Amino acid sequence: MEILQTAAELQARTEKWRQAGQRIGLVPTMGALHEGHLQLVRAAAQENDVVVVSIFVNPTQFNNADDFRLYPRVPDADAALLAPAGCTVLFLPSVEQMYPRPTVLTFDFGPLERVMEGAHRPGHFNGVATVVSKLFHLSRPHRAYFGQKDLQQVAIIRQLTADLSFDLDLVAFPTVREADGLAMSSRNRRLSPADRAMAPQLHQALVLGAAALAQGQPAEVAQAAAAQHLAASPGISLEYFEVVDAQTLQPVSGAVQAGQTVALCVAAQLGGVRLIDNLVVPA
Ligand code: PAF
């Protein structure tokens, strides 16, 4: 595995691959890799000739300075995990490489970004769309891989890909969970032992909400039951619990219609660490 640090090197390398007819898989990450990321890399290695993994803690998608400062950064440990997973090139750029000048272009994804993460983290999806567009341009992948834990991010990147005619296939992978149900996340390593013990309650709340919907209860009842469960979980401060249409991400009210796929989505803080999770039903 080779490590490249400049945009020019990455562009030159991927251009050479393209000319040689090689299929390129891209796995964009912010590092502090876990099994969820590694499943994306292994899949990319199976489905493409070469795999680029980027690790870049993108400042423009953080709306909270502490969250950016404290985001885990362990590039050496990450590199050691990537080679055996099938990564060909690890792209590890500096902020100056990705943002040689401040960007002025802004994205507006309409209703898709007015809910949940977009509503609670102003500017977040503008930063995500900017950096993902840059990574797509620099590496020109045939396939790009993302995790479904960031359900709204996947929807936004799908829209970005369609609207800007990026010639690539998006591959979204199911959330990978710890044995106790906690969704794997780079931020989990920042949890105190007490908060780590409480964190699986987020998944429990999603399961509880999904069970209420399966019994024919209205979305509002499922939402209230889940919120009540989390309010009774010490150390968890709920930001939102939403039942949304899985395609449009707009809130659902009343009973779920036959044939409709919905997503239950949660965001909460535990000791200053912000976690998100979701469950799509039927899966
Ligand atoms: O999901 C992430 O890790 C980031 O939002 C991404 C897609 C790498 C963009 O910085």
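No experiment lies behind these values; they were computed from the predicted model shown.

Asker: What is the right way to read the pattern of salt bridges from this model?
Answerer: Any two side chains of opposite charge can pair if their charged atoms end up close together. Scanning the model with the defined rule gives 14 salt bridges in all. Across the salt bridge formed by R69 and D66, the nearest N and O atoms sit 3.0 Å from each other. One end of the pair is R69 and the other is D66, both in helix α3 (residues 65-70) and three residues apart, which spans about a single turn. Look at R69 and you get exposed, because its relative accessible area is 55%. Taking relative accessible area as the criterion, D66 reaches 43% and is therefore assigned partly exposed. Notably, a salt bridge pairs D67 with R190, separated by 3.8 Å at the nearest N-O pair. Placement of D67 in helix α3 and of R190 in the loop between β6 (169-173) and α9 (193-198) is noted, with a sequence separation of 123 residues between them.

Asker: Explain unusual backbone geometry here, please?
Answerer: With the exception of glycine, the majority of residues adopt a negative phi angle, and the majority of peptide bonds are in the trans configuration. Put simply, V281 and P282 share a cis peptide bond, and its omega is -10°. Within the secondary structure layout, P282 lies in the segment after β9 (273-281). Phi angles above zero are rare outside glycine, and S165 is one such case at about 55°.

Asker: Even after reading the chapter, I still don't get the environment of P174, so can you show me in this structure?
Answerer: Its location among the elements puts P174 in the loop between β6 and α9. Residue P174 is classed as exposed on the basis of its relative accessible area, which comes to 59%.

Asker: What is the right way to read the pairing of β6 from this model?
Answerer: Regular strands show a simple pattern: their side chains alternate between the two faces of the sheet. Where strand β5 (residues 143-147) and β6 come together, five bridges link them in parallel fashion. Counted as the bridge partner of R143 is D169 from β6. Of the crossover connections in this fold, the one passing from β5 over helix α8 (residues 151-163) to the parallel β6 is right-handed.

Asker: Would you mind going over the sheet that holds strand β4 (residues 89-91) with me for this structure?
Answerer: Strand pairing in a sheet is mediated by backbone hydrogen bonds. Such pairs are either parallel or antiparallel. Taken in spatial order, the six strands of this open sheet run β1-β4-β3-β2-β5-β6, and their pairing is parallel. Edge positions in the sheet fall to β1 (2-4) and β6, since each has one partner strand and no second. Ignoring which end each strand starts from, the neighbouring axes of this sheet average 25° apart. Alignment of strand β2 (residues 24-29) against strand β3 (residues 50-55), held across six bridges, turns out to be parallel.

Asker: When you look at the sheet that holds β9 in this model, what are you seeing that I'm missing?
Answerer: Ordered by their spatial adjacency, three strands build an open sheet running β7-β8-β9, and the pairing between neighbours is antiparallel. Either end of the sheet is taken by a strand with one partner, and the two such strands are β7 (236-245) and β9. Direction aside, neighbouring strands of the sheet carry axes that sit 15° apart on average. As paired strands, strand β8 (residues 262-270) and β9 are joined by nine bridges and run antiparallel to one another. Residue pairing in the sheet places L270 in a bridge with V273 of β9. On top of the sheet, helix α11 (residues 219-231) reaches β7 and β8; it is set at about 160° to β7, its chief contact.

Asker: How should I be thinking about the site of the ligand in this particular structure?
Answerer: Around the ligand sit P28, T29, M30, N58, Q61, V131, F146, D150 and Q153, and those are all the residues in its vicinity. Measuring from an oxygen atom of the ligand, one finds a side-chain N or O atom of Q61 at 2.6 Å. Taking Q153, its side chain carries an N or O atom lying 2.7 Å from an oxygen atom of the ligand. Protein coverage of the free-state accessible area of the ligand, which is 290 Å², stands at 89%. Looking at the shell around the ligand residue by residue, the classes come out as four nonpolar, four polar and one charged.

Asker: Please explain the packing of aromatic side chains as it appears in this structure.
Answerer: Remark: the centre distance and the inter-plane angle together describe each pair of aromatic rings, the angle taken between the planes. Under the criterion given, the structure shown has five aromatic pairs. Here the aromatic rings of F62 and Y71 are separated by 5.7 Å at their centres, their planes lie at 75°, and the arrangement is edge-to-face. For Y71, a relative accessible area of 7% puts it in the buried group. Ring geometry for F107 versus F109: centroids 5.8 Å apart, planes at 5°, classification stacked. Its relative accessible area of 18% is what places F107 among the buried residues. By way of ring pairs, the aromatic residues F62, F68 and Y71 are connected into one cluster. Here R73 stacks its cationic end above the ring of F68, 4.8 Å away from the centre of that ring.

Conventions and cut-offs
- Residues numbered from 1 in each chain as written.
- Predicted model: local features only at pLDDT ≥ 70, side-chain atom pairs only at ≥ 80, totals over all residues.
- Heavy atoms only, no water.
- Salt bridge = Lys/Arg side-chain N within 4 Å of Asp/Glu carboxyl O.
- Helix = DSSP H or I, 4+ residues; strand = E, 2+ residues; numbered from the N terminus.
- Buried < 20%, exposed > 50% of the residue type's maximum accessible area, 1.4 Å probe, protein only.
- Pairing = 2+ DSSP bridges.
- Right-handed = clockwise from strand over helix to strand, strands pointing away.
- Axes fitted to C-alpha atoms, helices over the stretch in contact; angles between N-to-C directions.
- Contact = heavy atoms within 4.5 Å.
- Near = heavy atom within 4 Å.
- Polar contact = N/O pair within 3.5 Å; in protein donor to acceptor, adjacent residues only side chain to side chain.
- Areas by Shrake-Rupley, 256 points an atom, 1.4 Å probe, with all protein chains shown as cover.
- Nonpolar A, V, L, I, M, F, W, Y, C, P; charged D, E, K, R; others polar.
- Phe/Tyr/Trp six-rings, centres within 6.5 Å; stacked < 30°, edge-to-face > 60°.
- Lys NZ or Arg CZ within 6 Å of the ring centre and 35° of its normal.

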